[in-house]
Amino acid sequence: MDPVDRAKQEEQLARDVAIQQAKNTIEAAKNNKQYIINGIVYCLYCHELIDKQRLKARPYSTHCIDCKTEIERREHHHGK
Ligand SMILES: [Zn+2]
């Protein structure tokens, strides 16, 4: 592939990813249902603290990893 075309393609891809990430953040902020007390985010489901590493990766997390995994597992089952 032409190096110029390749660069353009990569640029486009990076832009798509940035747009998607921005959309996700806006979406999460819009229906922000986080359970926050004194700046600490708790899981909506089990009311345990949400892991800091998780919040760093996903600032709008509403559930801890365990509950999120469980919810996704159930949704997956339900979908079948
Ligand atoms: Zn939880």
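What you see is a predicted model; the values in this text were computed from it and never measured.

Draft legend 1. Representation of the overall build of the chain. Assigned secondary structure in the chain consists of three helices and two strands. The buried share among the 80 residues of the chain stands at 8%. Intrachain contacts of the chain at a sequence separation of at least 6 include 21% that bridge at least 24 residues.

Draft legend 2. Structural view of unusual backbone geometry. We note that N38 has phi near 50°; this positive angle belongs to a residue other than glycine. Of note in this structure, H47 is not a glycine but carries a positive phi near 60°. Residue placement: H47 occurs in the loop between β2 (40-42) and α2 (52-57).

Draft legend 3. Region of interest: the confidence of the model for the chain. Here the chain averages 85 in pLDDT, while 85% of its residues score no lower than 70. For the chain, helix α1 (residues 3-30) is the element with the lowest average pLDDT, namely 80, and α2 is the one with the highest, namely 92.

Criteria and cut-off values
Counting starts from 1 at the beginning of each chain's written sequence and moves along it residue by residue. The predicted nature of this model means local features are confined to residues of pLDDT at least 70 and side-chain atom pairs, given and counted, to a pLDDT of 80 or more, with totals for whole chains, interfaces and linings taken over all residues. A helix here means a DSSP run of H or I that spans at least four residues, while a strand means a run of E at least two residues long, and both kinds are numbered starting from the N terminus. In this scheme every C-beta is placed from the backbone, and a residue whose C-beta has 20 or more other C-beta atoms within 10 Å is buried, one with 12 or fewer is exposed, and one in between is partly exposed. Our contact criterion uses C-beta atoms placed from the backbone: two residues qualify when those atoms are within 7 Å. You can read pLDDT as the predictor saying how much it trusts each residue, on a scale of 0 to 100.

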